[in-house]
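# Close look at the chain arrangement
Take a look at the letters that make up each chain.
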Amino acid sequence: MSKNIWCIRHGTALHNTLFSLIGKRAYTDKIYTDTPLVENGEIQSRTLGGTWKDIHKIDVVFASPCKRTLQTATNIFKNTTKKIIAIDEITEYPQSVEYCNKRKNKIELKELYPTVDFSMLDEVSPYWIDDTDVEESEKECLNRVRIFKEFLISRPEKNICIVSHSSLLKGFMFGRLHNLTQELRYCYPYKFTL
C-alpha cells in the first residue's frame, strides 16, 4: 500500500536568523543548543495550521524531537486531535558539531510538550555525537532516513505528516543532502508518495 506523506520543514528558528549576524557560530556554539522558533516561525506554523486544506486527511504526525520542530508541529495541529509522535531518526543533519540540532533529554521534552508522544525516544539521542569535531556523514544520515522509511512502510496509516528539517527532508524526498542549492520553505507541506 502506498503512503501519502506531507513533509513540512519547521518555522524560522533562532539559529536561522542569527546566521546572518554571527555566521556558523549560530549552529555550533553550545549556547544555541536546541534552538526555538522565533516570533516569525510561530506565526508561520500557526498560519499553516489555519490554512492548510489537507490537514484533515492526516492520520498521524511524526516530528523530530528538536524544540523548533515540536513547536511547529504542536502549533500546526493545535486545533486537531492528531497524534504527534517524536522520533530521533528524523532529527536534523548533522548530529554532531551543530549544537542547534542537539535535542533536550526525554524528561525535559515530556515536561515541555505534554501532548506529544515520546515513547519511541531513548532518554538521550542515540545519534548525537557529543564533544567531537567529526561530523555525522551523509551516509550515516541517509541510513537514519532508510530506517525511518522502513518504519513508515510498516505503519498502518496511509496519510502521514512529517515535521522535520530541511536537510533531513531533502534526504527523505530526494535521496541526497548536498548539491541541492535551495533550502526547503518554512512551514510548507511538500507532498511525497512512498
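Higher on the page you've got the structure.
A brief report on the enclosed structure follows. (Residues numbered from 1 in each chain as written. Predicted model: local features only at pLDDT ≥ 70, side-chain atom pairs only at ≥ 80, totals over all residues. Heavy atoms only, no water.)

Here the focus is the overall build of the chain. Broken down by element type, the chain carries seven helices and five strands. At 15 Å, the chain has a C-alpha radius of gyration in line with the 16 Å of a compact globule built from 194 residues. Overall, the C-alpha framework of the chain stretches about 40 × 35 × 35 Å when taken along its three principal axes. Per-residue burial over the chain gives 54% buried out of 194 residues. Residue pairs in contact within the chain that sit at least 24 positions apart in sequence constitute 76% of those at least 6 positions apart. If you sum the accessible surface of the chain, you get close to 9300 Å²; carbon and sulfur atoms cover 52% of it. (Helix = DSSP H or I, 4+ residues; strand = E, 2+ residues; numbered from the N terminus. Rg over C-alpha atoms; globule rule 2.2 N^0.38 Å. Buried < 20%, exposed > 50% of the residue type's maximum accessible area, 1.4 Å probe, protein only. Contact = heavy atoms within 4.5 Å. Areas by Shrake-Rupley, 256 points an atom, 1.4 Å probe, with all protein chains shown as cover.)

Across all of its chains, the model carries twelve salt bridges by this definition. With a closest N to O distance of 3.1 Å, Asp54 and Lys57 form a salt bridge. For Asp54, a relative accessible area of 10% corresponds to the buried category. Given the relative accessible area of 36%, Lys57 is considered partly exposed. Note that Lys102 and Asp130 form a salt bridge whose closest N and O atoms lie 2.9 Å from each other. (Salt bridge = Lys/Arg side-chain N within 4 Å of Asp/Glu carboxyl O.)

This part covers a negative patch on the surface. Residues Glu108, Glu111, Asp122 and Glu123 make up a contiguous surface patch of negative charge. Considering the arrangement of structural elements, one finds Glu111 in helix H5 (residues 106-112). Its relative accessible area of 62% is what places Glu111 among the exposed residues. (Patch = residues over 30% accessible without salt bridge, like charges linked within 9 Å, V, L, I, M, F, W, Y side chains within 5 Å. Lys, Arg positive; Asp, Glu negative; His and termini not counted. Charge placed at Lys NZ, Arg CZ, Asp CG, Glu CD.)

On to the packing of aromatic side chains. Applying the stated rule across the entire model yields ten aromatic pairs. Both rings, one in Trp6 and one in Trp52, keep their centres 6.3 Å apart while their planes meet at 70 degrees; by these two values the pair is edge-to-face. Of this pair, Trp6 sits in strand S1 (residues 4-9) while Trp52 sits in the loop between helix H3 (39-51) and strand S2 (60-63), and the two are 46 residues apart along the sequence. Judged by relative accessible area, which is 2%, Trp6 ranks as buried. The exposure class assigned to Trp52 is buried, which follows from its relative accessible area of 8%. Positioned above the aromatic ring of Tyr127, the side-chain terminus of Arg144 is 5.6 Å from the ring centre. (Phe/Tyr/Trp six-rings, centres within 6.5 Å; stacked < 30°, edge-to-face > 60°. Lys NZ or Arg CZ within 6 Å of the ring centre and 35° of its normal.)

Within the fold, Arg146 resides in helix H6 (residues 138-154). A relative accessible area of 40% places Arg146 in the partly exposed class. Put simply, Arg146 and Ile85 are 61 residues apart on the chain and 18 Å apart in space, counted from C-alpha to C-alpha. Within the structure, Arg146 has its side chain in polar contact with the side chain of Glu150 (distance 2.9 Å). (Polar contact = N/O pair within 3.5 Å; in protein donor to acceptor, adjacent residues only side chain to side chain.)

Taken in spatial order, the five strands of this open sheet run S3-S2-S4-S1-S5, and their pairing is mixed. Among the strands making up the open sheet, the edge pair consists of strand S3 (84-86) and strand S5 (189-193). Averaged over all adjacent pairs, the angle separating strand axes in this sheet is 25 degrees, with direction ignored. In terms of strand pairing, S2 meets S3 through three bridges, oriented parallel. Considered in S3, the bridge of Ala63 is made with Ala86. (Pairing = 2+ DSSP bridges. Axes fitted to C-alpha atoms, helices over the stretch in contact; angles between N-to-C directions.)

Here we come to helix H4 (residues 67-76). One full turn of an α-helix is made of 3.6 residues, so residues set three or four places apart face in the same direction. When you tally the buried positions in H4, you get nine out of ten residues, the bulk of the element. Listing the buried residues of H4 in full gives Arg68, Thr69, Leu70, Gln71, Thr72, Ala73, Thr74, Asn75 and Ile76.

This part takes up the packing of H3 against H4. Pairs of packed helices are described in terms of their axes, by the angle between the two and the distance that separates them. Between H3 and H4, the shortest axis-to-axis distance is 7 Å and the interhelical angle comes to 35 degrees. The handedness of the crossing between H3 and H4 comes out as right-handed. Within the contact between the two elements, H3 uses Glu42, Ser45, Arg46, Leu48 and Gly49 and H4 uses Gln71, Thr72, Asn75 and Ile76. Here the residues of the contact of H3 with H4 sort into two nonpolar, five polar and two charged. (Left-handed = near helix turned anticlockwise from the far one by under 90°. Nonpolar A, V, L, I, M, F, W, Y, C, P; charged D, E, K, R; others polar.)

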